[in-house]
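# Coordinate analysis (summary)
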Amino acid sequence: MIPVLLLARELDLGGSERQMTEIAKTLDRSRFSPHVGCFRPHGMRGAELSATGVPIVQFPVDSFVSLNALSQALKLRSHIRRLGIRLIHTFDYPLTLFAVPVARWFTPAVVVSSQRSHRSLIPAKYRRWIQMTDRVADAIVVNCDFVRRHLESDEGVPASRIRLCYNGVDLKQFRPASHSHEGLTIGVVCALRPEKDLGTLIEAFARIRRPGLRLAIVGSGSMLEQLHWLAEAQGLEGDCNFVPAAANAAERLREIDIFVLPSRSEALSNSLLEAMACGRCPVASRVGGNIELIRHGENGMLFEAGNVDQLSSVLEHLIEHPALRQQLATNARRVAEDFSIGASARRMEEIYTELIEGSGR
């Protein structure tokens, strides 16, 4: 078996953490021996990995400019050499900054990084250093064609260095509801960050509010207080429900009838894909990887990011046409079935095998 080391900042909530965990759990154990490394191991993903026997090693780095960071870099080098790790794969930018140079310059391992969003979302002070790792890594894995084109055209990354592996979803966990519920719920499950533009959703909902219609915002993040304030300003106290992020995302998604992702920047959204797998009617902004998942009017609806008028009109139309809503939801599930976690893991295995065999290391 080929030992590989997958790395992410923490093992809790988050799309990158989820995808890394699912890949580690699903890799063919007759061919690969997965190991996981992180800065912070505590959280739901850590428990999942431990339950499936994936070893976890912690590199407790709080600052890149410290003696401890140097000590942890030496620990990483020793860990790779001692276990005979053939390939390391970083799933977020903090671990790319930390692990890619160490693995490339001080170990024989193949080095793979990830880019899972537009780079404008990376803090400016780190972006130049991330661009430097582009020249160090053997390959960069992207999760949608939008990010591939972004790296080529905006960041100058050669096409030969980019590998595409779409996100995968656990179709057994994320499945349609077996029973219906009363009323109609519009909602979203995502991190409450500025680029998600949930204010547009709240304003659109305020325009179409009516008895029996509810808005559910499921997630945690820096925008929570501001979103609470906006909902109150729109008079939605009794109609808008805020629910903290938790491990039961599939259950929360099945409580939503129309899933809305209003992001101003998005790659291939785990939440959107999971909502589609749960047979929810998806509505998303026309940005990034959203248009790789949704064909407007066939398996969901699209609107221009930030356009409250368009979003409220789309929602009004779906509310008034339940048969269309159901058909879009059914078609969305069929599309999601092409994005299973098994298919994603098989593609990642192809990438790992190609890079290891072609490296000569």
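The structure contained in this document is the topic of the report that follows. Per-chain numbering applies: the sequence of each chain, read as written, is numbered from 1 onward. Local features in this predicted model are restricted to residues of pLDDT 70 or higher, and side-chain atom pairs are both shown and tallied only at a pLDDT of 80 or more, whereas totals for entire chains, interfaces and linings draw on every residue. For the side-chain quantities, the full set of heavy atoms in the structure was used; hydrogens and water were omitted.

### Points about the overall build of the protein chain
Note the cut-off: Per the convention used, a helix needs a DSSP run of H or I reaching at least four residues, while a strand needs a run of E reaching at least two, with both numbered from the N terminus. As defined in this context, the radius of gyration uses C-alpha atoms, and a globule is described by 2.2 Å times the residue total to the power 0.38. The rule is simple: take the accessible area with a 1.4 Å probe, protein chains only, and divide by the maximum for that residue type; under 20% is buried, over 50% is exposed, in between is partly exposed. Contacts were defined at the residue level, with two residues in contact if any of their heavy atoms lie within 4.5 Å. Here the Shrake-Rupley method, with its probe set to 1.4 Å, supplies the accessible areas, and only the displayed protein chains count as covering residues. In this tally, Asp and Glu contribute negative charge and Lys and Arg positive charge; neither His nor the terminal groups of the chain are included. Note on charges: their place is set at NZ of Lys, CZ of Arg, CG of Asp or CD of Glu.
Each helix and strand in the protein chain was counted, giving 14 helices and 13 strands. Expected size for 361 residues packed as a compact globule is a radius of gyration near 21 Å; at 21 Å, the protein chain falls within 12% of this value. Dimensions of the protein chain along its principal axes, counting C-alpha atoms only, are 65 × 40 × 40 Å. A burial count over the protein chain gives 55% of its 361 residues as buried. Considering only intrachain contacts with a sequence separation of at least 6, the fraction spanning at least 24 residues in the protein chain is 70%. Surface summary for the protein chain: the accessible area is close to 15,300 Å², and the carbon and sulfur share equals 50%. The centroid of the 43 positive side-chain charges in the protein chain is displaced by 7 Å from the centroid of its 40 negative side-chain charges.

### Observations concerning the environment of Ile-291
Of note, Ile-291 is situated in helix α11 (residues 290-293). The partly exposed category is assigned to Ile-291, whose relative accessible area is 43%. Placed 23 residues apart in sequence, Ile-291 and Leu-268 show a C-alpha to C-alpha distance of 9.2 Å. Setting aside its immediate chain neighbours within four residues, Ile-291 contacts Arg-286 and Leu-302.

### Topic: the pairing of strand β9 (residues 213-218)
For a regular strand, the rule is simple: side chains alternate between the two faces of the sheet. Formally: Two strands form a pair only when DSSP identifies at least two bridges running between them. A clockwise path from the first strand over the helix to the second, with the strands pointing away from the viewer, defines a right-handed crossover.
Where burial is concerned, most of β9 is hidden: 5 out of the 6 residues are buried. Sheet topology places strand β8 (residues 184-189) next to β9; 6 bridges connect them, and they run parallel. When the sheet's bridge partners are listed, Val-188 is paired in β9 with Ile-217. In this region the chain leaves β8, passes through helix α7 (residues 198-208) and returns to the parallel neighbour β9; the handedness of that crossover is right-handed. Sheet topology places β9 next to strand β10 (residues 240-243); 4 bridges connect them, and they run parallel. Of the residues in β10, the one forming a bridge with Val-218 is Val-243.

### As for the pairing of strand β4 (residues 87-90)
Because side chains alternate across β4, one face comprises the buried residues Leu-87 and His-89, and the other comprises Ile-88 and Thr-90, equally buried. Both strand β1 (residues 2-10) and β4 contribute to a ladder of 4 bridges, which runs parallel. The partner of Leu-7 across the bridge, within β4, is Thr-90. Where β4 lies against strand β5 (residues 110-115), 3 bridges are found, and the strand directions are parallel. Note on β5: the bridge partner recorded for Leu-87 is Val-110.

### Description of the pattern of salt bridges
Two side chains that carry opposite charge are able to pair once their charged atoms sit near each other. Condition: Salt bridge criterion: a side-chain nitrogen from Lys or Arg within 4 Å of a carboxyl oxygen from Asp or Glu.
Under the criterion given, the structure shown has 26 salt bridges. Between Glu-298 and Arg-295 there is a salt bridge; the shortest N-O distance is 2.9 Å. Between Arg-333 and Glu-337 there is a salt bridge whose closest N-O contact spans 3.3 Å. A relative accessible area of 16% places Arg-333 in the buried class. Glu-337 sits in the partly exposed class, given a relative accessible area of 41%. Within this structure, Glu-22, Lys-25, Arg-45 and Glu-48 form a network of salt bridges that share partners.

### Topic: the sheet that holds β9
Put simply, the test is: To get an axis, a line is fitted to the C-alpha atoms, and for a helix only the part in contact is used. The angle between two axes follows their N-to-C directions and goes from 0 to 180 degrees.
If you walk across this open sheet you meet the 6 strands as β10-β9-β8-β11-β12-β13, and the pairing is parallel. This sheet does not close on itself; its edge strands, each paired only once, are β10 and β13 (301-303). Across this sheet, the average inter-strand angle for adjacent strands is 20 degrees, counted without regard to direction. Taken strand by strand, helix α13 (residues 322-336) contacts β8, β11 (258-261), β12 (281-285) and β13, and its axis lies near 80 degrees from that of β12.

### Some words on helix α1 (residues 15-26)
Here is the rule: Multiplying 1.5 Å by the helix residue count minus one yields the expected span of that helix.
Its 12 residues give α1 an end-to-end C-alpha distance of 16 Å, which sits within 8% of 16 Å, the value for a rise of 1.5 Å per residue. In this fold, the buried residues of α1 make contact with β1, β2 (32-40), α2 (44-51), α10 (270-277) and α14 (341-359).

### Thoughts on the sheet that holds β4
Strands sit in the order β3-β2-β1-β4-β5-β6-β7 across an open sheet of 7 strands; the sheet is parallel. The two strands at the open ends of the sheet, each matched to only one other strand, are β3 (56-58) and β7 (162-164). For this sheet, the mean angle separating the axes of adjacent strands, direction not counted, is 25 degrees. Its contacts with the sheet place α14 against β1, β2, β4, β5, β6 (139-142) and β7, and it is angled at close to 150 degrees to β7.

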